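# Structural description and commentary
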Amino acid sequence: ACAENRSMVKGVLFDLGAGTTVKDFEDYDYARGSLGGGSIPLLYRMYHDRCIDFHAIYAWEVKPIDHKTFWEPLPDDIRARVRLYNNPVAENSCPSSPEGNFTERGSFLRLLKSSVTPEDYVVAKVDIDGGPELAIVESIAHLPELSSLIDELYFEYHFNFDGLPHAWTRGTFGGRTVDTAINLFLRLRQAGIRAHIWV
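Residues numbered from 1 in each chain as written. Predicted model: local features only at pLDDT ≥ 70, side-chain atom pairs only at ≥ 80, totals over all residues. Heavy atoms only, no water.

Within the structure shown, the criterion is met by nine salt bridges. Glu152 is the salt-bridge partner of Arg194, the closest N and O atoms lying 4.0 Å from each other. In this pair, Arg194 sits in strand E6 (residues 194-197) while Glu152 sits in strand E5 (residues 152-155), placing the two residues 42 residues apart along the sequence. Judged by relative accessible area, which is 39%, Arg194 ranks as partly exposed. (Salt bridge = Lys/Arg side-chain N within 4 Å of Asp/Glu carboxyl O. Helix = DSSP H or I, 4+ residues; strand = E, 2+ residues; numbered from the N terminus. Buried < 20%, exposed > 50% of the residue type's maximum accessible area, 1.4 Å probe, protein only.)

Dropping the structure here:
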């Protein structure tokens with residue numbers, strides 16, 4: 001937990017693929033991971049316990065949300081910080097987005113640029129199965145005006161797991177392999193982002 005004599009750092013969380021629930025917000029158990037009640041309470045608690053307070057939380061979820069179930073567990077001070085978008089994340093596909101050609105309306109990358117500064121501690125989690133997640137993360141890795149805004153990034157990178165069974169065994173991965181995954185995470189880290197695999 002954050003030491004009482006330490007001041008909190010101002011943070012911003014972008015959760016692309018937030019899930020439909022936020023259970024046990026106050027007493028979140030890390031051992032359950034995001035399966036225990038959604039990624040927002042997990043990430044909020046992880047960072048708050050390390051003296052980073054998210055003053056803004058931007059959350060996207062494409063699946064229909066029962067708003068009573070979603071909002072009820074949130075304490076009032078947290079509700080005021082959350083901006084929930086119950087629609088798909090909009091972004092152009094590769095290679096358009098990594099070249100700086102972002103979607104006109106609803107672009108996460110445009111919102112990122114307009115809502116944070118390099119002084120904010122910014123955490124982004126990208127897990128939007130079937131969505132433009134790779135275009136978004138490639139854009140962040142490729143464009144310094146984006147990578148300079150993000151401190152930590154969690155990304156569920158879908159790739160062919162060398163023919164071994166894995167959670168995402170169905171689907172095509174467009175030539176994505178363990179090697180392309182390592183390369184992307186290396187480029188993110190070289191851009192100054194603490195990049196982590198999200199599963």
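From this point on, the discussion continues.
So, on to the packing of helix H5 (residues 133-142) against helix H7 (residues 178-190). The N-to-C vectors of H5 and H7 enclose an angle of 40°; their axes lie 9 Å apart at closest approach. Comparing their axes, H7 and H5 come out oblique. On the side of H5, the interface is formed by Leu134, Val137, Glu138, Ile140 and Ala141, while H7 contributes Leu184, Arg187 and Leu188. Here the contact of H5 with H7 is composed, by residue class, of six nonpolar, no polar and two charged. (Axes fitted to C-alpha atoms, helices over the stretch in contact; angles between N-to-C directions. Parallel < 35°, antiparallel > 145°, perpendicular 65-115°, else oblique. Contact = heavy atoms within 4.5 Å. Nonpolar A, V, L, I, M, F, W, Y, C, P; charged D, E, K, R; others polar.)

Moving on, we get to the nonpolar core. Within the largest apolar cluster, 36 residues are counted, with the highest numbers of intra-cluster contacts made by Phe14, Phe108, Leu112, Ile140, Leu153, Phe155 and Leu188. Mapped by element, the contributors of at least two residues to this core are strand E1 (9-16), strand E2 (52-60), helix H4 (108-115), strand E4 (121-126), H5, E5 and H7. The leading source of residues in this core is H5, at five residues. Discounting chain neighbours no more than four positions away, the residues touching Phe155 are Val126, Glu133, Leu134, Val137, Leu184, Phe185, His196, Ile197 and Trp198. Counting residues in each nonpolar core, the second largest holds 24 residues, with Val22, Phe25, Leu42 and Ile78 among its members. (Core = buried A, V, L, I, M, F, W, Y, C linked by side-chain atoms within 4.5 Å.)

Let us now look at unusual backbone geometry. Phi is positive for Cys51, close to 70°, though the residue is something other than glycine. Take Cys51: it is sitting in the loop between helix H1 (39-48) and E2. The class of Cys51 is buried, set by a relative accessible area of 1%.

For the rest of this paragraph, the subject is the pairing of E2. Most of E2 is tucked away: eight of the nine residues are buried. Relative to E2, E1 runs parallel, the two being bridged by eight bridges. Considered in E2, the bridge of Gly11 is made with Phe54. Strand direction decides the pairing type here: E2 and strand E3 (residues 82-85), joined by four bridges, are parallel. When the sheet's bridge partners are listed, Tyr58 is paired in E3 with Arg83. (Pairing = 2+ DSSP bridges.)

What follows concerns the packing of aromatic side chains. Inspection of every chain in the model, using the stated rule, returns ten aromatic pairs. Relative to Tyr121, the ring of Tyr47 lies with its centre 6.3 Å away and its plane at 45°, an arrangement referred to as tilted. On the criterion of sequence distance, the pair formed by Tyr47 in helix H1 and Tyr121 in strand E4 is long-range, its members being 74 residues apart. Of the two residues, Tyr47 and Tyr121, both sit in the buried class. Each ring, one from Trp60 and one from Phe108, has its centre 5.8 Å from the other, and the planes form 85°; the classification is edge-to-face. Here the residue Trp60 occupies a position in strand E2, and Phe108 occupies one in helix H4, the gap between them amounting to 48 residues. Given the relative accessible area of 0%, Phe108 is considered buried. An aromatic cluster is defined as three or more aromatic residues linked by ring pairs; in this entry it consists of Phe14, Tyr58, Trp60, Tyr85 and Phe108. (Phe/Tyr/Trp six-rings, centres within 6.5 Å; stacked < 30°, edge-to-face > 60°.)

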